[in-house]
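Descriptive structure summary
These are the residues of each chain, in order.
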Amino acid sequence: MILRLEVKNWSNLESFSTTFDKGCNLVIGPNFSGKSSLLNAIFFAITGKLPNELEPKDMIQKGKNEMTVQLDFVAKDGDTYRIRRYVKLSKTARQSISTHLYPLVNDIEQEEIASGNEATEKILECLNTEPMLFKRSIFMTEGDVYRILTKRERGLREEIYKVLGIERIHAIAKIADKLKKELKKEKNALEKRLELGELGEFEKEDTGTIEEKLNEIDNRIAK
């Protein structure tokens, strides 16, 4: 559960902090008031990345050369942590990112327990998620929600596959199944030729070599 978010020089927010309550929290505001910026800040704090192929440096407030995002959250085991990410621009506009993870005790920051990629991995482990799942099922865009709510029953499963990011897995599974069938067909044909004594290209090879080829097909099928 998210407890508190604090940002500095983030998008159109020069300095902003807010707390979150248990249950549903509703953020209301006119267009371009910073609602999406807050969601992007949460996404960046947890995953170290941004949705929609944005770069962290793209979120630095115009005229500034650095920014900070800090997020306090409760992990699945009930422990509380603080993640702090800094982004700084060099004179050549190259970005450098530093990440630091701290446990919190009575809202007091304790000694750092992880930094860099290790900190990001620790956060995702604490929240029992990973970047793609977080993006597709937790950090859902308005368009994704609308499509699910308005989709007819026939296309609902495909839409859920898309939202969860498993449409590629579904497509790959079909390809793998087709390959598996082709390999089994190849194996059955070879075994039949061996039974009939029609070795063909294998007539100069010993039985052991042929069995190795059959085992290789079995391994490919298993994969």
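What counts, and at which threshold
- Residues numbered from 1 in each chain as written.
- Predicted model: local features only at pLDDT ≥ 70, side-chain atom pairs only at ≥ 80, totals over all residues.
- Heavy atoms only, no water.
- Helix = DSSP H or I, 4+ residues; strand = E, 2+ residues; numbered from the N terminus.
- Buried < 20%, exposed > 50% of the residue type's maximum accessible area, 1.4 Å probe, protein only.
- Contact = heavy atoms within 4.5 Å.
- Areas by Shrake-Rupley, 256 points an atom, 1.4 Å probe, with all protein chains shown as cover.
- Core = buried A, V, L, I, M, F, W, Y, C linked by side-chain atoms within 4.5 Å.
- Pairing = 2+ DSSP bridges.
- Expected span 1.5 Å × (residues − 1).
- Arc of directions from axis to C-beta.
- Phe/Tyr/Trp six-rings, centres within 6.5 Å; stacked < 30°, edge-to-face > 60°.
- Lys NZ or Arg CZ within 6 Å of the ring centre and 35° of its normal.
- Polar contact = N/O pair within 3.5 Å; in protein donor to acceptor, adjacent residues only side chain to side chain.

Observations regarding the overall build of the protein chain
- Tallying secondary structure elements over the protein chain gives seven helices and seven strands in all.
- The linear arrangement of helices and strands in the protein chain, starting from the amino end, is β-β-α-β-β-β-β-β-α-α-α-α-α-α.
- Classification of the 223 residues of the protein chain by burial places 30% in the buried group.
- Considering only contacts within the protein chain whose residues lie at least 6 apart along the sequence, 48% involve residues at least 24 apart.
- Roughly 15,600 Å² of accessible area belongs to the protein chain as shown, and the carbon and sulfur atoms make up 49% of that amount.

Digging into the nonpolar core
- Counting residues in hydrophobic clusters, the biggest one holds 31 residues, and the most contacted among them are Leu5, Trp10, Val69, Ile83 and Leu101.
- Secondary structure elements with two or more residues in this core: strand 1 (2-10), helix 1 (35-47), strand 3 (66-74), strand 4 (80-89) and helix 2 (116-127).
- In terms of residues, this core owes the most to one element, helix 1, which gives seven residues.
- Once you skip the residues sitting within four places of it in the chain, tryptophan 10 turns out to touch Ser37, Asn40, Ala41, Phe44, Leu50, Met59, Met67 and Val69.

Thoughts on the pairing of strand 5 (residues 95-105)
- The sheet contact formed by strand 4 and strand 5 spans 10 bridges and is antiparallel. Directly across from arginine 84, in strand 5, lies its bridge partner histidine 100.
- Strand direction decides the pairing type here: strand 5 and strand 7 (residues 114-115), joined by two bridges, are antiparallel. Looking at the pairing, histidine 100 lines up with serine 115 of strand 7.
- With two bridges connecting them, strand 5 and strand 6 (residues 108-109) associate as antiparallel partners. Looking across to strand 6, one finds that leucine 104 is bridged to glutamate 109.
- Once strand 5 ends, the chain turns through two residues before running back antiparallel as strand 6, passing asparagine 106 with a positive phi of about 55 degrees.

Quick notes on helix 2
- Over its 12 residues, helix 2 runs 17 Å from end to end, which matches the ideal 16 Å to within 8%, given 1.5 Å per residue.
- Taken as a whole, helix 2 has its buried residues at Ala119, Thr120, Ile123, Leu124 and Cys126. One face of helix 2 carries all of its buried residues, which in axial projection span an arc of 160 degrees. Exposed and facing more than 90 degrees away from the buried side of helix 2 are Asn117, Glu118, Glu121 and Glu125.
- Remark: asparagine 128 follows helix 2 within two positions and exhibits a positive phi of approximately 55 degrees.

Quick word on the packing of aromatic side chains
- Evaluated as defined, the whole model comprises two aromatic pairs.
- Ring geometry for phenylalanine 73 against tyrosine 81: centres 5.8 Å apart, planes inclined by 25 degrees, an arrangement best described as stacked. Take phenylalanine 73 and tyrosine 81: they sit in the same class, and that class is buried.
- The side chain of arginine 85 reaches across the aromatic face of phenylalanine 44, ending 5.8 Å from its centre.

Quick notes on the side chain of threonine 99
- Among the secondary structure elements, threonine 99 is positioned in strand 5.
- A polar contact is formed between the side chain of threonine 99 and the side chain of arginine 85, at a distance of 2.9 Å.
- Excluding its chain neighbours within four sequence positions, the residues that come into contact with threonine 99 are Ile83, Arg84, Arg85, Ala114, Ser115, Gly116 and Ala119.

What about the pairing of strand 3?
- The buried fraction of strand 3 amounts to eight of the nine residues, a majority that puts the element mostly inside the structure.
- Two strands pair when backbone bridges link them, and strand 1 and strand 3 are joined in this way by six bridges, in the antiparallel orientation. Of the residues in strand 3, the one forming a bridge with leucine 5 is leucine 71.
- When strand 3 meets strand 4, the two strands line up antiparallel, connected through nine bridges.

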